[in-house]
Amino acid sequence: MPNLKMPSKKQDNKGASQVTLQADQVSFSSTDNKAHAKGNVVVKAKDQQLYCDELQLDRVVQQVVAEGNVYLDTSQENVIAQGLTYNFNDGTGEFRDARVFLDPYQIEGHRIDKISEHYMTLEEGYLTTSDWDEPSYRIGADRMDIYQHDRAVVHGMKVYLGKVPVMYLPYYVQDLKNRSIFTFIPGESKDFGLFLLTTTRLQVGSHVQVNLHADVRERDGFGEGFDVKYNTPNFGSGLVSAYYTDENQIASHHLWDLYNSQGVKKGPTTHHERYRIIWRHKWQIDQNTDAVWQYYKIHDYDIVNNGFLKTYFPREYRQNAQNTNLDTYFLLTRVMPHGTLTFNVDTSRENRPIRGIERLPEVQYTLNNTQIGKSGFYAKSTDTLSNLSYQNYPKTFNNKTLRFDSNNDISHPFKLGFISFNPHMGGEETYYSRTAEISDSNIIRGMFRGSLDMSTKFYRVWDYHTNFAGLDINGLRHVITPTITYLYQARPTFPAGDLNQFDPAIDGLTRIHQLEFGLENKLQTKRNGQIVDLLRYLITTNYGLKGTTGRRAFNPFDSVLDLNPTGWLTFHNDNEFDYHAGHWNSKNFDGTVHGKDWSFGLGSRWARQEGEQVTAELDYIINPKWKLKLYDSFPLTKATDGNTPSAGEKEIVITRDLHEWEVDVSVDQQQGHGTTFYVLFRLKALPNMKLNLVSTSFQASKPGSQNQ
């Protein structure tokens with residue numbers, strides 16, 4: 001019998017037009033057109049194979065009744081059973097005392113009925129991602145409806161860890177595409193002391209998924225919240241999320257350390273109410289129209305510094321630190337035959353301490369680059385009407401204006417000889433109902449803009465072939481692409497300094513008169529029939545001409561180098577050189593070597609304002625069960641201006657394969673931020689599901705009194 005823990009080998013029987021039967025003993029009845037087989041029975045039909053001890057076959061409907069050591073192998077599933085009834089035509093059947101393998105799941109039950117290609121029912125059995133005979137965990141059920149690769153509807157659910165039942169629910173829907181039911185994250189941190197964070201995931205029907213959060217933190221108390229993800233058949237999908245905590249923060253690190261040796265409380269208990277409410281929704285009204293809206297309310301005593309997000313949602317804060325949108329907004333987008341129309345309402349009044357620019361409303365139409373008839377001329381434009389306001393907190397000023405901006409461009413690309421030209425001519429006219437100067441209102445600012453893009457390509461081909469040092473070169477082609485752009489942007493008729501800066505790209509326009517230069521070199525070859533770049537080097541800069549705002553000279557040179565000599569060796573380098581000042585602003589280098597069971601990367605980061613830092617990472621597969629990752633970054637020099645260099649970091653991660661799980665044991669040390677130890681579990685069948693069981697931060701001791 002094949003090893004079920006390995007991929008089954010299928011024979012190509014797609015050309016077969018009927019069922020074939022082999023056995024030690026075969027008898028046939030012409031009366032009812034049925035065959036009876038016994039001993040080492042093998043049945044094959046198309047991509048289906050059946051092995052058993054004894055079998056009865058109805059040749060008319062191609063249905064079998066099999067008994068004893070039954071093994072069924074199809075493109076959909078593998079089945080081990082004591083007995084089954086199975087139809088080779090439609091793939092339906094009944095499996096008795098069976099185990100069914102549906103990658104990555106295994107189900108076992110007293111009776112399993114396959115109703116259709118993707119729908120099964122189970123009675124008195126369980127579902128798990130483990131392929132062991134005695135799984136380490138499973139979801140037991142009195143009855144289960146399984147929709148393959150979609151969901152399992154469980155009646156009388158019992159969750160087992162080993163043989164121990166840990167939970168019971170009368171009804172539950174398990175998402176077979178996502179994550180587990182429960183997540184527990186115990187740990188310790190400087191901010192919270194000991195903590196336990198729990199999440200319960202529930203599938204409510206086929207359109208709603210609910211995550212319930214119930215947390216307890218030693219220093220702060222309790223926190224609770226929910227996330228509801230929903231998907232409507234006709235009106236889009238969205239998320240409703242809320243989290244609330246009524247903090248009572250103690251002065252000590254732990255409850256048992258609340259009083260000093262004299263029985264005096266170490267400090268007062270501070271009270272803060274903090275919460276966040278979010279509603280996001282996206283609706284594709286039709287093929288060309290989308291609507292997106294968000295309501296965002298946050299209540300936090302440290303809202304200006306994003307304290308609530310930093311402390312309670314650190315991952316979200318780190319991922320969106322520069323782009324967090326805490327506004328309430330509505331955006332309607334309509335794609336039209338030649339452009340795009342948008343209607344936007346953006347307000348931050350719900351969170352006044354971090355109030356930003358409000359657009360009540362803003363309407364914009366963008367005309368795509370469109371040919372004017374058959375003239376060879378192309379036109380594009382962006383027209384924007386905005387009702388803008390900005391009010392600081394606490395209120396000391398309130399800037400407002402009604403602004404209409406029209407940005408237009410006409411171009412005529414053509415080729416002269418071997419050089420491609422694309423001249424542009426246009427301008428920008430903007431109406432302001434108010435400006436930064438009280439005496440100036442209802443003004444129109446104009447600005448002319450013209451440019452000329454020039455480029456060409458030179459190349460040479462060599463019929464050179466070699467595999468020296470694994471280079472795998474099959475012909476060489478050198479491509480040189482020089483580009484030159486002349487840009488003239490006239491001085492606006494109303495100075496930017498006299499305008500409130502709502503959008504610098506519109507309100508901050510100044511005179512520009514410059515040449516932009518670019519030179520790209522590529523060395524290419526073919527590998528496996530595909531063109532690959534062995535080397536790519538690009539250098540760009542611009543030169544300020546007479547009358548430009550700023551320096552009349554070369555501005556910093558930017559260069560990028562990518563080198564890919566083989567599939568196991570890659571290099572990257574990017575630099576910025578200030579020609580006028582005569583020094584480098586930044587220099588970065590990365591190199592990576594890939595081996596069969598390992599890879600090693602070495603990098604260098606240098607910036608004038610931050611100093612130099614070296615990074616190194618080693619990934620090594622010790623054996624099929626163990627993997628190791630070492631990462632190190634450390635500063636070499638201080639910044640040129642004497643500022644403190646970037647903090648160093650060291651991390652060690654050991655990964656252990658636990659058959660159906662992978663566990664990471666990690667120690668991460670950041671200079672000035674202490675050491676963090678964590679244990680992270682990943683279910684191999686669902687690698688996006690992560691369970692952080694231990695997360696502890698240790699802060700290095702410092703001399704003198706510390707603010708906690």
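Note that the structure is a prediction, hence the values are computed from the model and not measured.

**Observations regarding the confidence of the model for the chain**
- Taken over all residues, the pLDDT of the chain has a mean of 84, while the share at 70 or more is 87%.
- Put simply, strand S41 (residues 686-698) is where the chain has its lowest mean pLDDT, 43, and strand S26 (residues 419-434) is where it has its highest, 96.
- A low-confidence stretch, residues 1-17 stays under pLDDT 50, and its non-local contacts, those more than four residues away or across chains, total 26 contacts.
- Within the model, pLDDT remains below 50 along residues 687-708, and this stretch shows 53 contacts once partners closer than five positions in the same chain are excluded.

**Topic: the pattern of salt bridges**
- For the structure shown, the criterion picks out 21 salt bridges.
- Two residues, Asp142 and Lys158, come together in a salt bridge whose shortest N-O distance is 3.6 Å. Of the two residues, Asp142 sits in strand S10 (residues 137-147) while Lys158 sits in strand S11 (residues 151-161), which places them 16 residues apart along the sequence.
- When its relative accessible area of 44% is taken as the criterion, Asp142 is described as partly exposed.

**Here we look at the packing of aromatic side chains**
- Within this structure, the stated rule accounts for 20 aromatic pairs.
- Between Phe308 and Phe313, the aromatic rings sit 5.7 Å apart at their centres with planes inclined by 85°, giving edge-to-face as the arrangement.
- What makes Phe308 buried here is its relative accessible area of 0%.
- Taking the relative accessible area as the measure of exposure, Phe313 reaches 17% and is therefore buried.
- An aromatic cluster is defined as three or more aromatic residues linked by ring pairs; in this entry it consists of Phe192, Phe195, Tyr243, Phe308, Tyr312 and Phe313.
- It is Arg138 that lies over the ring of Tyr126; its NZ or CZ is 5.4 Å from the centre.
- The aromatic ring of Trp606 is capped on one face by Lys587, whose charged end is 5.5 Å from the ring centroid.

**Observations regarding the nonpolar core**
- Judged by nonpolar contacts, the single largest core of 40 residues is most densely connected at Leu50, Leu55, Leu84, Phe95 and Ile107.
- Top element by residues in this core is strand S3 (residues 34-45). It accounts for five residues.
- Here Leu84 is in contact with Leu50, Val64, Val65, Ala66, Val70, Leu72, Glu94, Phe95 and Arg96, once residues within four sequence places are set aside.
- One finds Tyr296, Ile303, Phe313 and Leu326 within the second-largest nonpolar core, a separate group that totals twelve residues.

**Comments concerning a nonpolar patch on the surface**
- Where nonpolar side chains cluster on the molecular surface, the patch consists of Trp598, Phe600, Leu602, Tyr620, Ile622, Trp626, Leu630, Ile652, Ile654 and Val665 and spans about 840 Å² of accessible area.
- Among the secondary structure elements, those contributing two or more residues to the nonpolar patch are strand S35 (598-607), strand S36 (611-623), strand S37 (626-637) and strand S38 (649-658).
- Top element by residues in the nonpolar patch is S35. It accounts for three residues.
- With respect to the helices, strands and loops of the structure, Leu630 is situated in strand S37.

**With respect to the pairing of strand S2 (residues 25-29)**
- Sheet topology note: the S2/S3 ladder contains five bridges and is antiparallel. Bridge pairing in S3 links Phe28 to Ala35.
- Counting the residues that bridge the hairpin from S2 to S3 gives four residues, and of these Asn33 lies at a positive phi of roughly 55°.

**Considering the pairing of strand S28 (residues 458-466)**
- A small share of S28 lies buried, amounting to zero of its nine residues.
- As paired strands, S28 and strand S29 (residues 473-489) are joined by seven bridges and run antiparallel to one another. Following the sheet pairing, Val461 is matched in S29 by Arg477.

**Brief notes about unusual backbone geometry**
- Pro361 follows Leu360 through a cis peptide bond whose omega is -10°.
- As for its placement among the helices and strands, Pro361 is situated in strand S22 (residues 358-371).
- Positioned with a positive phi, Asn306 is a non-glycine residue whose angle comes to about 55°.
- Among the secondary structure elements, Asn306 is positioned in the loop between strand S19 (289-299) and helix H1 (307-312).

**Quick look at the side chain of Gln514**
- Summarising the element assignment, Gln514 is placed in strand S30 (residues 512-527).
- Owing to a relative accessible area of 13%, Gln514 belongs among the buried residues under this scheme.
- With near-sequence residues (within four places) excluded, Gln514 lies in contact with Thr485, Tyr486, Leu487, Asn542, Tyr543, Gly544 and Leu545.

**Focus on the environment of Gln63**
- Locating Gln63 in the fold gives a position in strand S5 (residues 63-73).
- A sequence separation of 29 residues divides Gln63 from Thr92, and the C-alpha atoms of the two residues are 9.5 Å apart.
- In contact with Gln63, other than residues within four places in its own chain, are Gln56, Leu57, Asp58, Thr85, Tyr86 and Asn87.

**Some thoughts on the environment of Leu127**
- Within the secondary structure layout, Leu127 lies in strand S9 (residues 119-128).
- Looking at Leu127, the relative accessible area reads 6%, which means it is buried.
- In this structure the C-alpha to C-alpha distance between Leu127 and Ala141, which are 14 residues apart in sequence, comes to 8.3 Å.
- Contact partners of Leu127, with chain neighbours within four places excluded, come to Tyr105, Gln106, Ile107, Arg138, Ile139, Met144, Ala152 and Leu176.

**Some points on the side chain of Thr384**
- As for its position among the elements, Thr384 is in strand S23 (residues 378-391).
- A distance of 3.0 Å separates a polar atom in the side chain of Thr384 from a polar atom in the side chain of Gln364.
- Those residues in contact with Thr384 that lie beyond four places of it in its chain are Glu362, Val363, Gln364, Arg403, Phe404 and Asp405.

What counts, and where the lines are drawn
Residues numbered from 1 in each chain as written. Predicted model: local features only at pLDDT ≥ 70, side-chain atom pairs only at ≥ 80, totals over all residues. Heavy atoms only, no water. pLDDT = per-residue confidence, 0-100. Helix = DSSP H or I, 4+ residues; strand = E, 2+ residues; numbered from the N terminus. Contact = heavy atoms within 4.5 Å. Salt bridge = Lys/Arg side-chain N within 4 Å of Asp/Glu carboxyl O. Buried < 20%, exposed > 50% of the residue type's maximum accessible area, 1.4 Å probe, protein only. Phe/Tyr/Trp six-rings, centres within 6.5 Å; stacked < 30°, edge-to-face > 60°. Lys NZ or Arg CZ within 6 Å of the ring centre and 35° of its normal. Core = buried A, V, L, I, M, F, W, Y, C linked by side-chain atoms within 4.5 Å. Patch = residues over 30% accessible without salt bridge, like charges linked within 9 Å, V, L, I, M, F, W, Y side chains within 5 Å. Areas by Shrake-Rupley, 256 points an atom, 1.4 Å probe, with all protein chains shown as cover. Pairing = 2+ DSSP bridges. Polar contact = N/O pair within 3.5 Å; in protein donor to acceptor, adjacent residues only side chain to side chain.

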